Protein chains: 2
Amino acid sequence: MKVALLGPVAWRTPPHHYGPWEQVTSLLAEGLTARGVDVTLFATLDSLTAATLDGVCAHGYAEDPAMDGRVWEAMHVAHAFGRSAEFDLVHNHLDWLPLAFAAQCRAPLLTTVHGFSGPAILPAYARARSRYVSISDADRSPDLDYAATIHHGIAFDGFPFRAAAGHGLVVFGRVHPDKGTRTAIEIARRAGMPLTICGIVADQRYFDEQILPHVDGEQVVYLGSVGPEQRGEILSSAAALLHPIAFAEPFGLAVVESMACGTPVVAYARGSMPEVVDEGVTGHLVHDVAEAVAAVSRIGDIDRQQCRDHAGKRFSADRMVDDYLRLYHTIVD
Amino acid sequence: MKVALLGPVAWRTPPHHYGPWEQVTSLLAEGLTARGVDVTLFATLDSLTAATLDGVCAHGYAEDPAMDGRVWEAMHVAHAFGRSAEFDLVHNHLDWLPLAFAAQCRAPLLTTVHGFSGPAILPAYARARSRYVSISDADRSPDLDYAATIHHGIAFDGFPFRAAAGHGLVVFGRVHPDKGTRTAIEIARRAGMPLTICGIVADQRYFDEQILPHVDGEQVVYLGSVGPEQRGEILSSAAALLHPIAFAEPFGLAVVESMACGTPVVAYARGSMPEVVDEGVTGHLVHDVAEAVAAVSRIGDIDRQQCRDHAGKRFSADRMVDDYLRLYHTIVD
């Protein structure tokens, strides 16, 4: 089977630091190639892959202020679609732009919806000749037909297990009101535990006004964006990951990464969280700061080995790759 | 000859009020159709044209906050390119997005560059298989080959000539620092003449802080966006049009419209202005407020009939349509 993976070009695949769409695309490219699928990955040309690499962007537009992301993304999609007749399937990880041009794709098109940025992009989905995969049941639009929900998986190898819980709390992801970074500070303060914040600043004003004044290097530490190696170290050393999101998050890769380290999650029960966190097994689902503080206080009840094992069954990269390959066969065969 | 005009979809074609790209596309569609060319105009579906109309947008995205302009523009371009094999020529008025997908266009592609929004869009131009028309010599990029410069034309019928100069000054166009609206207020104040400001607010903060405090309904009047009929009335009643631009404007439709009414122009000598304004015949080219005030004081020296006649030779819609049709023939024949 010849498959084109049409990946995003905001960041390298896999990303140096942040880039969840690129991360998932990378795991899929490597996993499919390892299973003998003939994969061409359309991504930035500095990407690292065992698949065949093609594209037009020397590097990610998010890493280069001189590049206009809209322009390079369009050239990237056009280039991939220009080669589409060579493949049995084109698998789009790039949101709505390829859908607008779906009629120019000369192979069956499958789109993983990595998250709806807003209702105004739905017309491109509704009109396009593409099959859709949702990344959680919670993220489904009632206006679209879906071929499957396939939860993301991660490479468990990269996340070291630690049996003994650490003493601090950690919050991972973009520093943005959606992610509840300020709420995490409040939960940690009331729980009387130190908090480590990791992630790129996605809202500078929020960071400057709501986060930075609390950062003292002891009770609240801000590490910025941390790469894959440091990530496992930080997550495995924590007592719990806080995930007090203020929006219906389609999926939470950091949540699964934490579970993989054996570190349970205290998450607000929004969006995909009830699908991802198993109450009492891999963490606790809560609704406000008070519930979160109570959940942190009893976090020792969760068996860290069981947390990792359970997450491994549900969210390994192998499981994700198998799910996609099964779906590919139903489309191509 | 079968020609597809790929027009923008921000506004209706022709626009109700503002929309210079749609305005030029409209004049071209009507002029070519009148000359017997088989034209299909790809535009919003509420557009008015004697050509064949096609498209996917019910109305302009700039008129509907629920529409994501990027999404609808992409679907619009994809739809037009899906039909491209039916034409002898596709003439693009839509900036860089069609260029990114130029390989999907199955007819010769000609692009009128209505203005470079910035250097970051140039890669789409440089890589695309398209011929280019610049709308002024001043707007040419050194990195591109051009088939021609074709100055815009306007429908002189819509602009009433008035032999006697009025008593006030007028400034037309987007209210934005680029257009020098605040500078126009200063010029009028020093010249001791009333100023009428017409145009959509493109920079709300600039309008609120720099313009609105000067609007008193007498010395400075703000009329907002004015439609085609009112425009001719206002322009023909003025002593002069002020055009103290702060950027290298690719072309200035309002400048030509003013000349058509016999109303001379006092313009800053930037961008295309030295190509459009003929010193002493259709207006004066100046470099600062003091020179502008001096030019206004001697504006009676300009013969308004000669101003209109000269502009009519250089900037009629007929001249523009003839120029394009000649170019089409060199490409198609």
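Sequence positions are assigned chain by chain, starting from 1 and proceeding in written order. By the order in which they are written, chains take letters starting at A while ligands take numbers starting at 1. Only residues with pLDDT of 70 or above have their local features reported here, since the model is predicted, and side-chain atom pairs are shown and tallied only from 80 upward, although totals for entire chains, interfaces and linings are computed over all residues. No hydrogens and no water enter the side-chain calculation; it runs on all heavy atoms of the structure.

Engineer: Let's hear about the packing of helix α5 (residues 181-191) of chain B against helix α10 (residues 289-297) of chain B: which residues, and what values?
Structural biologist: Residue and element names in this part refer to chain B. An axis is simply a line fitted to the C-alpha atoms; with a helix, the fit covers only the stretch in contact. Between two such axes, the angle follows the N-to-C directions and lies from 0 to 180 degrees. Where helices and strands are cited, they refer to DSSP runs of H or I of at least four residues and of E of at least two residues respectively, numbered from the N terminus. Between α5 and α10, the shortest axis-to-axis distance is 9 Å and the interhelical angle comes to 50°. Comparing their axes, α10 and α5 come out oblique. Remark: the crossing between α5 and α10 carries right-handed chirality. When α5 is examined against α10, the residues Thr183, Glu186, Ile187, Arg190 and Ala191 are found in contact with a partner set consisting of Val289, Ala292, Val293 and Val296. Oblique is the label for every angle not falling under 35 degrees (roughly parallel), over 145 degrees (roughly antiparallel), or within 65 to 115 degrees (roughly perpendicular). In this scheme, a crossing is called left-handed if the near helix is turned counterclockwise away from the far one by less than a right angle; it is called right-handed if the turn is clockwise. Contacts are assigned to residue pairs that have any heavy atoms within 4.5 Å of one another.

Engineer: Provide a residue-level description of the sheet that holds strand β11 (residues 238-243) of chain B, including the pertinent values.
Structural biologist: All names here are of chain B. One open sheet holds the 6 strands; their spatial order is β10-β9-β8-β11-β12-β13, and the pairing between them is parallel. At either end of the open sheet lies a strand with only one pairing partner, and these are β10 (220-224) and β13 (283-286). Shown here is a sheet whose adjacent strand axes are inclined to one another by a mean of 20°, direction ignored. Bridge count for strand β12 (residues 265-268) against β13 is 4 bridges, and the pairing is parallel. Considered in β13, the bridge of Val266 is made with His284. Together, β8 (168-172), β9 (195-198), β10, β11 and β12 form the strand contacts of α5, whose direction differs from that of β9 by roughly 165°. Only strands that DSSP links by at least two bridges are regarded as paired with each other.

Engineer: Got a sec to walk through the interface of chain A and chain B? Specific residues and values, please.
Structural biologist: Contacts between the two partners involve 22 residues from chain A, matched on the other side by 22 residues from chain B. Using a 1.4 Å probe, buried area is obtained as the accessible area two parts lose upon being combined, added over both of them. Interface area for chain A against chain B, summed over the two sides, is near 2,000 Å², with a carbon-plus-sulfur share of 74%. By the criterion of area lost to chain B, the three top residues of chain A are Trp96(A), Phe101(A) and Gln104(A), representing 26% of everything that side buries. Basic side-chain nitrogens of Lys or Arg form a salt bridge, by our definition, when they fall within 4 Å of a carboxyl oxygen of Asp or Glu. Linking chain A with chain B are 0 salt bridges, by the criterion used here. For the purposes of these results, a polar contact is taken to be a pair of N or O atoms within 3.5 Å, where, inside protein, one atom must be able to donate a hydrogen and its partner to accept one; residues adjacent in sequence count only when each atom of the pair is a side-chain atom. Remark: the boundary between chain A and chain B carries 0 residue pairs in polar contact (both at pLDDT 80 or more).

Engineer: Would you mind going over the confidence of the model for chain A in detail, with residue names and values included?
Structural biologist: For chain A, the average pLDDT comes to 96, and 100% of its residues sit at 70 or higher. Note on the complex model: pTM 0.87, ipTM 0.84. Scored between 0 and 100, pLDDT is the confidence that the predictor attaches to each residue.

Engineer: So what about the environment of Val255(A)? Which residues, and what values?
Structural biologist: Considering the arrangement of structural elements, one finds Val255(A) in helix α8 (residues 253-260). Once residues within four sequence positions are removed from consideration, Val255(A) is found in contact with Leu241(A), His243(A), Val265(A), Met273(A), Val276(A) and Val277(A).

Engineer: An account of the UniProt feature "domain: Glycosyltransferase subfamily 4-like N-terminal" (unreviewed entry) in chain A is requested, with residue identities and associated values reported.
Structural biologist: Under the feature "domain: Glycosyltransferase subfamily 4-like N-terminal" (unreviewed entry), the UniProt entry names residues 23-132 of chain A. For residues 23-132 of chain A, the helix share is 33%, the strand share is 17%, and the end-to-end C-alpha distance is 19 Å. UniProt positions are given in the numbering used here, feature names are shortened, and annotations may be inferred rather than shown by experiment.

Engineer: Just give me the short version of the packing of aromatic side chains, but keep the residues and values in it.
Structural biologist: Residue and element names in this part refer to chain B. The rule is short: rings of Phe, Tyr and Trp, with Trp giving its six-membered ring, pair when the centres are within 6.5 Å, and they are stacked under 30 degrees, edge-to-face over 60, tilted in between. All chains considered together, the criterion is met by 13 aromatic pairs over all chains. With a centroid separation of 6.0 Å and an interplanar angle of 80°, the aromatic rings of Phe42 and Phe87 are classed as edge-to-face. Placement of the pair is Phe42 in strand β2 (residues 38-42) and Phe87 in the loop between α2 (69-82) and β4 (89-92), with a sequence separation of 45 residues. Take Phe42: its relative accessible area is 1%, and that puts it in the buried class. Note on exposure labels: buried denotes an accessible area under 20% of the residue type's maximum, exposed denotes more than 50%, and partly exposed covers the range between, all computed with a 1.4 Å probe on protein chains only. Look at Phe87 and you get buried, because its relative accessible area is 5%. Taken together, a centroid distance of 4.9 Å and an interplanar angle of 55° make the contact between Phe207 and Tyr222 tilted. Here the residue Phe207 occupies a position in helix α6 (residues 204-211), and Tyr222 occupies one in strand β10, the gap between them amounting to 15 residues. Judged by its relative accessible area of 24%, Tyr222 is partly exposed.

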